[in-house]
Amino acid sequence: MTGLRQTQHLAREARHLAPGASEEAVHGRRVFAEGHGPVLTDLDGNQYLDFAAGTLTQSLGHGHPEVVEALTAQARRLWNVHDSATPDRAGLLDLLARLLPERLDTYAFFSTGAEVVEAALRVVQATAPPGRNRIGALRHGFHGKTMGARMLVHWDIGHQAFSGNSVLGYSPYCYRCPLGLEYPSCDVRCATLVRRHIAEKPNVSALVFEPVLGAAGVVVPPPGYWERIADACREGGVLLVADEVLTGGGRTGAFLASDLFGVEPDLAMLSKGTASGFPFAVLAGRAELLRRPEAAISGAYASTYASNPLGIAAARATLEVVERDRLIDRVRVLGEIMEDRLRVLESRFDRLGQVRGLGLLWGLEFVTDPAARTPAPETARAVYTTALDLGLRTSLGGHILRLAPPFTLDEALLEEGLRLLEKALERVIA
Ligand SMILES: Cc1ncc(COP(=O)(O)O)c(C=O)c1O
């Protein structure tokens, strides 16, 4: 239940705040006042384990002391000099070169996921050979809400999709196979069709993809999907552009989720987990693309907040801790515990149609009945609000709940969060 101070606060805000907030904010009705590590505190003093990690941003939890220190020190020194060099930037470039695959050795900095997706699209368009004027993407993919990004998003994100010059391929959504097939007897036909419609088309310049589709509910491709598509793209001259805005930085148990599927992208975009929630994004690419004169014309990678020293300080501190404390190993260890517990819940609750994920990124898909698999957004919403009332914050989108706790969580708090989730499920759907 939303406490009295929060209720009053929300009523005051509602007088002037434009509607159109996320489902999480609308149905959660909480006023979060503080965050420390994995714990949030609301205005009435109630505490929550944050299994949404901000908005999948707080890989180190809230207010990690080293990130706070780096930001505070930077705030005392310098805030914005456009994209001029600052002392920390070389350190961040070196760090990225250590963490990312060797072939992705050139970087440009931006401020949000959508902004870095737009930058990648500009590079693709600037370097595309004549005649390659279409861009491929996957159904159920999400890449942001700016016009270029929306060109690649064909499901309802609150505005009508803008189809532009994109061509869509089937995503590996086995639970709701658009071809009505079953894995593995399907022989991954969705991938064969992506190959035919995108990878082998002479008028397509790039495939922009989420290696694991996050916003669609953590859709994890089955073995064979990426193998079939990636090689064909390479052979067909179609660039592989990995949108790792959500997955990048370690969340799936590898620094890039693409690596888990053997995909070697030409460009990769990172944002959410990169700078602990400070607006920051990285475009990583192969030198021959990002340094091509057509792509790197004067000002191509600059914007008001691109390369801003505060973002650089936050990213550098965050990624240094991820590297030094071997947190990606922790993601894998905690991810296994999570998978075991969630599989038990999946088999126990009929209306929990499917649990999917890897590392510390999990999606729970709710249905009205397991045979028809009719989406049950009201159930997801009830589990979300009940879990909040019990002290667990998750991420809600339609009939899907996502769980993505910080990498710094200990086993006891992970178990505690999963116990709270189980309790919420018992209350709503037992
Ligand atoms: C894969 C992916 N790409 C792009 C975006 C857009 O990022 P932003 O909201 O920072 O514009 C998101 C946001 O959730 C995302 O998940």
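Keep in mind that this is a model prediction, so the values were computed, not measured.

### Quick notes on the sheet that holds strand β15 (residues 400–403)
So, step 1. Spatial ordering of the open sheet is given by β11-β12-β15-β14, a layout of four strands whose pairing is antiparallel. Each edge of the open sheet is held by one strand with a lone partner, namely β11 (352–358) and β14 (395–397). Looking at each pair of strands side by side, their axes are set apart by 20° on average, direction ignored.
So, step 2. Of the pairings in the sheet, the one linking β11 to strand β12 (residues 361–366) comprises six bridges and is antiparallel in character.

### Here we look at the site of the ligand
So, step 1. Near the ligand, the surroundings consist of Thr112, Gly113, Ala114, Phe142, His143, Gly144, Glu210, Asp243, Val245, Leu246 and Lys272.
So, step 2. Interatomic distance of 3.3 Å between a side-chain N/O atom of Lys272 and an oxygen atom of the ligand.
So, step 3. Relative to its free-state accessible area of 390 Å², the ligand is covered by the protein chains to the extent of 78%.
So, step 4. Within the shell around the ligand, the residues separate by chemical class into four nonpolar, four polar and three charged.

### Considering the domain arrangement of the protein
How big an interface is tends to be reported as the loss of accessible area on association of its parts.
So, step 1. Assigned domains of the protein: these are domain 1 (4–63 + 326–429) and domain 2 (65–324).
So, step 2. A separation of 25 Å is found between the C-alpha centroids of domain 1 and domain 2.
So, step 3. With 35 residues of domain 1 in contact, the opposing surface of domain 2 contributes 34 residues.
So, step 4. Approximately 2,700 Å² of surface area, both sides summed, lies buried where domain 1 meets domain 2, with 58% of it carried by carbon and sulfur atoms.
So, step 5. Counting every contact that joins domain 1 to domain 2 gives one salt bridge.
So, step 6. One salt bridge connects Arg176 with Glu365, and the closest N-O pair in it is separated by 2.6 Å.

### Describing the environment of Leu92
So, step 1. Tracing the backbone shows Leu92 in helix α5 (residues 87–99).
So, step 2. Judged by its relative accessible area of 1%, Leu92 falls in the buried class.
So, step 3. Here the alpha-carbon distance between Leu92 and Ala317, two residues 225 residues apart in the chain, equals 9.0 Å.
So, step 4. The residues contacting Leu92, other than those within four sequence positions of it, are Phe109, Phe280, Ile312, Ala315, Arg316 and Leu319.

### Remarks on the pattern of salt bridges
So, step 1. Counted according to the given criterion, the structure contains 25 salt bridges.
So, step 2. Several salt bridges share partner residues, and in doing so they unite Arg234, Asp266, Arg286 and Glu288 into one network.

### Some thoughts on the sheet that holds strand β6 (residues 166–169)
So, step 1. Strand order across the open sheet formed by seven strands is β4-β10-β9-β8-β7-β5-β6, with mixed pairing between neighbours. Each edge of the open sheet carries a strand with a single partner, namely β4 (106–110) and β6. Going from strand to strand, the sheet's axes swing by 20° on average, the running direction of each strand aside.
So, step 2. Across four bridges, strand β8 (residues 239–244) lies against strand β9 (residues 267–270) in parallel orientation. Bridge pairing in β9 places Glu244 opposite Leu270.

### Quick look at the packing of aromatic side chains
So, step 1. Scanning the entire structure with this criterion turns up four aromatic pairs.
So, step 2. With centroids separated by 4.5 Å and ring planes inclined at 45°, the aromatic side chains of Phe209 and Trp226 adopt a geometry described as tilted. Of this pair, Phe209 sits in strand β7 (residues 204–209) while Trp226 is found in helix α9 (residues 225–236), placing the two residues 17 residues apart along the sequence. Of the two residues examined, Phe209 and Trp226, each falls in the buried class.

### Comments concerning the confidence of the model for the protein
Parts of the prediction with low pLDDT should not have their coordinates interpreted in detail.
So, step 1. This prediction gives the protein a mean pLDDT of 95; 98% of its residues lie at or above 70.
So, step 2. Confidence over residues 157–162 falls short of pLDDT 50; this stretch has 11 contacts with residues more than four positions distant or in other chains.

Rules and cut-offs
Residues numbered from 1 in each chain as written. Predicted model: local features only at pLDDT ≥ 70, side-chain atom pairs only at ≥ 80, totals over all residues. Heavy atoms only, no water. Pairing = 2+ DSSP bridges. Helix = DSSP H or I, 4+ residues; strand = E, 2+ residues; numbered from the N terminus. Axes fitted to C-alpha atoms, helices over the stretch in contact; angles between N-to-C directions. Near = heavy atom within 4 Å. Polar contact = N/O pair within 3.5 Å; in protein donor to acceptor, adjacent residues only side chain to side chain. Areas by Shrake-Rupley, 256 points an atom, 1.4 Å probe, with all protein chains shown as cover. Nonpolar A, V, L, I, M, F, W, Y, C, P; charged D, E, K, R; others polar. Domains from an automatic or database assignment. Contact = heavy atoms within 4.5 Å. Buried area = accessible area lost by both parts, 1.4 Å probe. Salt bridge = Lys/Arg side-chain N within 4 Å of Asp/Glu carboxyl O. Buried < 20%, exposed > 50% of the residue type's maximum accessible area, 1.4 Å probe, protein only. Phe/Tyr/Trp six-rings, centres within 6.5 Å; stacked < 30°, edge-to-face > 60°. pLDDT = per-residue confidence, 0-100.

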